[in-house]
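# Coordinate analysis (summary)
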Amino acid sequence: MYFSRSAPLCLLSFTLLLHIVVGLHPLFHICSSLAGNYTADDTFDMNLNKSMGSLFYKTPPTGFGISYVGKDPDRVYGVAICRGDVSSADCKTCVVEASSEIRKRCTNNEGAIIWYDNCLLKYSNEEFFGKIDNRNKVYLYNINNVSDSTSFNAKVKELISGLSNEAYLSQLMFATGELELEKSKKLYGLTQCTRDLSSIDCKKCLDGAISELPSCCDGKQGGRVVGGSCNIRYELYAFVNA
Ligand SMILES: *[C@@H]1O[C@H](CO)[C@@H](O)[C@H](O)[C@H]1NC(C)=O
Ligand SMILES: *[C@@H]1O[C@H](CO)[C@@H](O)[C@H](O)[C@H]1NC(C)=O
Ligand SMILES: *[C@@H]1O[C@H](CO)[C@@H](O)[C@H](O)[C@H]1NC(C)=O
């Protein structure tokens, strides 16, 4: 079982109980309260439709795609990214699902973001490429506590900090790894940035996420800080594809 709570910078407040079993369930979505509204079949709607179509074929081959369609003020900026270990086929499934779901959940909204285990999809009427997204963020955590939170938190920070240093220097801006705990228990971790960020901004984004671990996931058996530009995750079980 997972709980989610809105991060401090998130504009909406939620209390949700999420049961995350299959990757096809959205983890979370946020409809922007700052972007404008469009109406069915107007220029923005048509551009959005084209933008999503473009992300379907651009994203799966490399796991990352951006698109911009149309002219201001109806221009649509879109981005999709799949988790670094996800196959092209699963990536495509996720992006297609995300684009349809986000349009249902944020109907008429000119800015929105949706997260899944396997992918993230975001669009906006404002250009956001290359900028760290500090607005869209959510914490997810396992409600169960570890017994020794102080040493456990330190292990989590050690693992995730190491993976952050790996991710920002890697081409995919993605890293996974594990750390031995006592009694043959292991801690598994993941870090990832959207690849429109520069290497330095990826590092900055991940450092920011790590600094939020105490407010997110203090002593929790699993946790994630999930943002619009980067995310971190740790669990006591393996969760990435080998
Ligand atoms: C968009 O529509 C919503 C609900 O109809 C409204 O609350 C919001 O103020 C509108 N946003 C803008 C930017 O006009
Ligand atoms: C765009 O709109 C057409 C016609 O309504 C629809 O068939 C198609 O699936 C849409 N494409 C996307 C990517 O939503
Ligand atoms: C975990 O710890 C928190 C804070 O001490 C407590 O409120 C919560 O009930 C604990 N959760 C479980 C599942 O025991």
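Quantities reported herein were computed from a predicted structural model and do not represent experimental measurements. (Residues numbered from 1 in each chain as written. Chains lettered and ligands numbered in written order. Predicted model: local features only at pLDDT ≥ 70, side-chain atom pairs only at ≥ 80, totals over all residues. Heavy atoms only, no water.)

## With respect to the UniProt feature "domain: Gnk2-homologous" (unreviewed entry) in the protein
Put simply, the rule reads: UniProt positions are given in the numbering used here, feature names are shortened, and annotations may be inferred rather than shown by experiment. A run of H or I in DSSP becomes a helix once it reaches four residues, and a run of E becomes a strand once it reaches two; helices and strands are each numbered from the N terminus.
Feature annotation in UniProt assigns "domain: Gnk2-homologous" (unreviewed entry) to the following positions: residues 26-128 and 134-239. As a span, residues 26-128 carries 37% helix and 27% strand, and end to end its C-alpha atoms are 22 Å apart.

## Section: the site of ligand 2
What counts here: Nearness of a residue to a molecule or strand requires only that one of the residue's heavy atoms be within 4 Å of it. N or O atoms within 3.5 Å of each other form a polar contact, as long as, within protein, one can give a hydrogen and the other can take it, and as long as residues adjacent in sequence are counted only when both atoms are side-chain atoms. Residue burial considers only the protein chains on display, and all accessible areas are found by Shrake-Rupley using a 1.4 Å probe. All residues other than Ala, Val, Leu, Ile, Met, Phe, Trp, Tyr, Cys, Pro, Asp, Glu, Lys and Arg, Gly among them, are scored as polar; the first ten of these are nonpolar and the last four charged.
Contacts to ligand 2 come from N49, M52, G53, F56 and R103. At 3.3 Å, a side-chain N or O of R103 approaches an oxygen atom of ligand 2. Coverage of ligand 2 by the protein amounts to 36% of the 360 Å² it exposes when considered alone. Sorting elements by how many residues they give to the shell around ligand 2 places helix α1 (residues 43-62) first, with 4 residues. Looking at the shell around ligand 2, its residues break down into 2 nonpolar, 2 polar and 1 charged.

## Digging into the packing of α1 against helix α2 (residues 88-105)
Formally: Between N-to-C directions, angles span 0 to 180 degrees; the directions come from axes that are lines fitted to C-alpha atoms, helices contributing only their stretch in contact. The scheme is simple: roughly parallel for angles under 35 degrees, roughly antiparallel for over 145, roughly perpendicular for 65 to 115, oblique for anything else. It is the rotation of the near helix from the far one that decides the hand of a crossing: anticlockwise by less than a right angle makes it left-handed, clockwise makes it right-handed. Any pair of residues with heavy atoms lying within 4.5 Å of one another is described as a contacting pair.
At a minimum axis distance of 8 Å, the contact between α1 and α2 shows a crossing angle of 165 degrees. By the angle between their directions, the pair α1 and α2 is classed as roughly antiparallel. Once α1 is placed against α2, the crossing between them reads as right-handed. Contacts between α1 and α2 involve D45, L48, N49, M52, L55, F56, T59, P60 and P61 on the former and, on the latter, S88, C91, K92, V95, V96, S99 and R103. Residue classes in the contact of α1 with α2 are distributed as 9 nonpolar, 4 polar and 3 charged.

## Observations concerning the state of the cysteines
Rules: A pair of sulfur atoms, both from cysteines and within 2.5 Å, is called a disulfide here. Exposure classes here rest on a 1.4 Å probe applied to the protein chains alone. A residue is buried below 20% of its type maximum, exposed above 50%, and partly exposed in between.
Taken as a whole and judged by the stated rule, the model has 6 disulfides. For C82, the disulfide goes to C91, at an S-S distance of 2.1 Å. Between C82 and C91, the S-S torsion sits near 85 degrees, and that sign places the bridge as right-handed. For C82, a relative accessible area of 3% puts it in the buried group. Covalent S-S linkage joins C94 and C119, the inter-sulfur distance amounting to 2.2 Å. The chirality of the disulfide connecting C94 with C119 is left-handed, given an S-S dihedral of about -85 degrees. Note that C94 is positioned in helix α2 and C119 in strand β7 (residues 119-124), a separation of 25 residues in sequence. Of the residues examined, C94 reaches a relative accessible area of 2% and is grouped as buried. Numbered in order of appearance, the disulfide-bonded cysteines of the protein are paired 1-5, 2-3, 4-6, 7-8, 9-12, 10-11.

## Quick look at the site of ligand 3
Taken together, I143, N144, N145 and K220 are the residues near ligand 3. About the coverage of ligand 3: the protein hides 29% of its 360 Å² of free accessible area. Residue composition of the shell around ligand 3, by class: 1 nonpolar, 2 polar and 1 charged.

## Focus: helix α3 (residues 149-169)
Put simply, the rule is: Given the number of residues in a helix, its expected span is that number minus one, multiplied by 1.5 Å. This arc corresponds to the set of directions leading from the helix axis out to the C-beta atoms.
Between its terminal C-alpha atoms α3 stretches 30 Å, which fits the 30 Å expected from 21 residues at 1.5 Å a residue. All of the buried residues in α3 are F152, V156, L159, I160, L163, S164, A167 and Y168. Looking straight down α3, one finds its buried side chains confined to an arc of 150 degrees; they lie on one side. Turned more than 90 degrees off the buried face of α3, the exposed positions are T150 and L169. Buried residues in α3 make contact with β9 (174-180), β10 (186-193), α4 (199-211), α5 (213-217) and β12 (230-235).

## Quick word on the pairing of strand β4 (residues 64-69)
Both faces of the sheet carry side chains from a regular strand, because those side chains alternate between them. Which entries qualify depends on this criterion: DSSP-based pairing: two strands are paired if at least 2 bridges between them are found.
Two strands pair when backbone bridges link them, and β4 and strand β5 (residues 76-82) are joined in this way by 6 bridges, in the antiparallel orientation. Bridge pairing in β5 links F64 to I81. Counted along the chain from β4 to the antiparallel partner β5, the turn is 6 residues long, and its residue G70 has a positive phi close to 90 degrees.

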